[in-house]
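# Observations on the model geometry
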Amino acid sequence: MLLLLELSILLAAAMASAPLWLTGPGPLYGPALAFALVMVFSMSTLGMYQHDQSREDIKSILLRIAPSFVLGFGLMHLLAELLPAMQFGRFGSMVFVLGGGAVLLARLVVFTSAQSSMLEQRLIIVGDGAIARECLDLAAGSAGFHPFRVVGFVPVVGELRAVPPAMLLPADLPLLALARRYAADEIVVTVGDRRNGAFPVRQLLECALGGVPVTDAAAFFEREACQIRVDSLQPS
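Bear in mind the structure is a predicted one, so any value in this text is a computation, not a measurement.

## Quick look at the overall build of the chain
Helix and strand counts for the chain come out as nine helices and four strands. In sequence order, the secondary structure elements of the chain are arranged as α-α-α-α-α-β-α-β-α-β-α-β-α. Here the chain, with 236 residues, has 39% of them falling under the buried criterion. Considering only contacts in the chain between residues 6 or more positions apart, those separated by 24 or more positions represent 74%.

## A look at the side chain of Thr 190
Tracing the chain through its elements places Thr 190 in the loop between β3 (186-189) and α8 (201-209). With near-sequence residues (within four places) excluded, Thr 190 lies in contact with Ile 125, Val 126, Gly 127, Ile 131, Ala 132, Cys 135, Glu 159 and Ala 217.

## Overview of the sheet that holds β3
Pairing between the strands of a sheet is mediated by backbone hydrogen bonds and can be parallel or antiparallel. Pairing is parallel in the open sheet, where four strands are placed in the order β2-β1-β3-β4. Pairing within the sheet leaves two strands with one partner each, and these edge strands are β2 (148-154) and β4 (214-216). Put simply, the sheet's adjacent strands are angled 30° from each other on average, direction ignored. Note that strand β1 (residues 121-126) and β3 share four bridges and pair parallel. Paired with Val 126 across the two strands is Val 189, which belongs to β3. Packing against the sheet, helix α6 (residues 130-140) makes contact with β1 and β2, and its axis sits at approximately 155° to β2.

## A short note on unusual backbone geometry
Not every positive phi belongs to a glycine, and Ala 183 is a case in point at roughly 50°. Residue position: Ala 183 is located in the loop between α7 (175-181) and β3.

Procedures and definitions
- Residues numbered from 1 in each chain as written.
- Predicted model: local features only at pLDDT ≥ 70, side-chain atom pairs only at ≥ 80, totals over all residues.
- Heavy atoms only, no water.
- Helix = DSSP H or I, 4+ residues; strand = E, 2+ residues; numbered from the N terminus.
- Buried < 20%, exposed > 50% of the residue type's maximum accessible area, 1.4 Å probe, protein only.
- Contact = heavy atoms within 4.5 Å.
- Pairing = 2+ DSSP bridges.
- Axes fitted to C-alpha atoms, helices over the stretch in contact; angles between N-to-C directions.

Here is the structure:
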């Protein structure tokens, strides 16, 4: 979605400033589209469309946009040498200034507006103990590396409950059915004791084969909180 939005913005910026940066007469759509595609290619090359961009601040965005547009500037000049219709005029740099400013503004609006909830990952947590509660606190504190929301907890026999009872999900339904009912993007396993026979190994395998990623609590905390949680590691 972000790529398509910025492609449209770059195309509009190129069309608006075409009289300033194109020297020869002719249709504007071809050069403008070429500019937009080259800039999107440059930004994707430097990792500006990876999933972890949703929590970047303005400094990080600037540090990525600047080299991206420098690379795009070089590619556009190389293209101008090959195609006479792409020759830059006296104010050829204006299209890069407008494009860079538009992309920066778009990213700030998307990542700081209420609409950024579209980027949230919906999690179902298997387990209702202390580690499950920490996952809930991490989501509520917005300190995670990615935005996510816990939609519910699946209770497991033997766990000392530490989560709100209102967030417990029906334990009699298969995990894959729960994931599809609540549109979960990922299942996080926080069960401490996995040798008592209550651990739903087969159901977790069905989720993984059904297209719902299954993540262990140790890997989850390492990814979201940048912590190596020794207490969540398993003997295996």
